[in-house]
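# Close look at the chain arrangement
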Amino acid sequence: HTKKAREFWEKRRPLAVMIENHSESRPQSGLSSADVIYEAVAEGGITRFMALFYCNLSDIQIGPVRSARTYFLSWLGEYDALYAHVGGANTPGPADALGQIIKYEVKDLNQFSIGFPVFWRDYQRLGRPVATEHTMYSTTQKLWEVGAKRGWVATDSAGIRWDSKFTPWKFKDDKGGGTTSKISVNFWESQPSYTVSWNYDVASNTYKRHNGNSTHTDLINNVQLAPSVIIVQFERESNANDGYPGNVHLLYGTTGSGKAYIVQDGTVTEGKWTKTSRTSRSKYTDSKGKEIEFDRGQIWIQTVPEGSKVTY
């Protein structure tokens, strides 16, 4: 990165955006430009993404933007990032994401409070009609500008930088050359159209994403999504039992520790994830307890229910 670029991006804090993954929303816009992507089931076996943007200086269109869920707030807490979403679960109880956003003092960019022209609906995004909930858009610059207007820049009003308590992961140089050519990750057995498979591309040392047997691309540039590192972490999934119709609101045990697979350089390392609190950094260690160093590039973190099938 150039010095000028670095000075520019260091004036802001990370931006997290909820992007849906309903099959009607694919291909989404902006995922290929994110630094870190979190993927977990939103409800009914349908996954959702939280994409983190920080280093990319161009203005990126992102969408379709969808609603907040409680467990994403736990990963968000690691960055104290701006949080862009359209509403969220708000039934009183453990899954009350909107209540928790207030309680945790999240730097909240809820579309309900911002509206047009920062957010807009693109009914023609796929060149065919789709239901309204799959059409909400914004851009990284517009969202950072609203954040700045609210005083949420790199440094808060007390002069404390967003990353003063942030623990970065460790990075290393690529080495590539492993022989594990494919990894397949299941969320819910009952929803095969959300199964993810990653094909290792030796030349670029990245993993090409397929979702429900289709190539998963970014609508903006038609490029296949291809992170450098994939983390699959197993967490306890339960129902919120909050009285919401159909009991669809879910909870994940986002703190504590559990099994994880770390996939990079054509190899799969069986290790574990550890996260001690909502705001503490997730750590990934190998079987000997040594922290794993990652390749530089996009990191994709998939949280699956304990017992989910992962094959490689």
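Described below are features of the structure shown in this document. Numbers given for residues are sequential positions, taken from 1 along each chain in its written order. With the structure being a predicted model, the display of local features is reserved for residues of pLDDT at least 70 and the display and counting of side-chain atom pairs for 80 or more, all residues being used for whole-chain, interface and lining totals. The side-chain values count all of the structure's non-hydrogen atoms but skip hydrogen atoms and water molecules.

## What about the overall build of the protein chain?
If you tally the helices and strands in the protein chain, you get 5 helices and 22 strands. Radius of gyration: C-alpha atoms only; globule rule: 2.2 Å multiplied by the number of residues to the exponent 0.38. The globule rule puts the C-alpha radius of gyration for 312 residues at 20 Å, and the 19 Å found for the protein chain is close to it. Seen along its three principal axes, the alpha-carbon backbone of the protein chain occupies a region of about 50 × 50 × 40 Å. Relative accessible area decides the class of each residue, using a 1.4 Å probe on protein chains only: under 20% of the type maximum gives buried, over 50% gives exposed, and in between gives partly exposed. Split into buried and exposed, the 312 residues of the protein chain put 54% on the buried side. For the protein chain, long-range pairs separated by at least 24 residues make up 66% of all intrachain contacts whose partners lie at least 6 apart in sequence. Every accessible area reported is derived by Shrake-Rupley at a probe size of 1.4 Å, with residue values counting cover from the shown protein chains alone. Roughly 13,600 Å² of accessible area belongs to the protein chain as shown, and the carbon and sulfur atoms make up 50% of that amount. Side chains of the protein chain carry 37 positive and 33 negative charges; the gap between the two charge centres is 2 Å. Secondary structure elements follow DSSP: runs of H or I no shorter than four residues count as helices, runs of E no shorter than two count as strands, and numbering proceeds from the N terminus. Note on contacts: a residue pair is in contact if any heavy atoms of the two residues lie within 4.5 Å. The sign given to each residue is positive for Lys and Arg and negative for Asp and Glu; His and the chain ends receive no count. Charged side chains are reduced to one point each, which is NZ for Lys, CZ for Arg, CG for Asp and CD for Glu.

## Focus on the pairing of strand β3 (residues 46-53)
Here β3 lies mainly inside the structure; 7 of its 8 residues are buried. Between any two strands, pairing holds if DSSP finds at least two bridges. For strand β1 (residues 15-20) and β3, the ladder comprises 6 bridges, and the chain directions are antiparallel. Bridge pairing in β3 links Val17 to Ala51. Where strand β2 (residues 36-43) hands over to β3, the hairpin turn is made up of 2 residues, of which Gly44 adopts a positive phi near 60°.

## A few points about the sheet that holds β1
Sheet architecture is open: 10 strands sit in the order β6-β5-β1-β3-β2-β21-β14-β17-β18-β19, paired in mixed fashion. Two strands in the sheet have a free side with no partner beyond their single neighbour: β6 (107-110) and β19 (283-285). Averaged over neighbouring strand pairs, the angle between their axes works out to 25° when direction is ignored. Note: strand β14 (residues 229-235) against strand β17 (residues 256-264), 4 bridges, orientation antiparallel. Counted as the bridge partner of Val232 is Tyr261 from β17. For helices, the axis comes from a line fit to the C-alpha atoms of the stretch in contact; other axes are also lines fit to C-alpha atoms, and the angle between any two N-to-C directions lies between 0 and 180 degrees.

## Notes on unusual backbone geometry
That bond from Gly63 to Pro64 is cis: its omega, -5°, falls within 30 degrees of zero. Tracing the chain through its elements places Pro64 in the loop between β4 (61-62) and α2 (70-76). For the bond from Phe116 to Pro117, the omega torsion is 0°, close enough to zero to count as cis. When you line up the elements, Pro117 lands in the loop between α4 (111-114) and β7 (120-121). A positive phi angle, close to 70°, is found at Asn213, a residue other than glycine. Relative to the helices and strands, Asn213 resides in the loop between β12 (206-211) and β13 (214-215). Positive phi, close to 60°, is recorded for Asp265, a residue that is not glycine. The exposure class of Asp265 is buried, given its relative accessible area of 1%.

## Some remarks on the sheet that holds strand β8 (residues 136-139)
Ordered in space as β4-β8-β7, the 3 strands form an open sheet in which the pairing is antiparallel. The strands lining the two open edges of the sheet, one partner per strand, are β4 and β7. Here 2 bridges tie β7 to β8, and the two strands are oriented antiparallel to one another. The residue bridging Trp120 from the neighbouring strand is Tyr137, located in β8.

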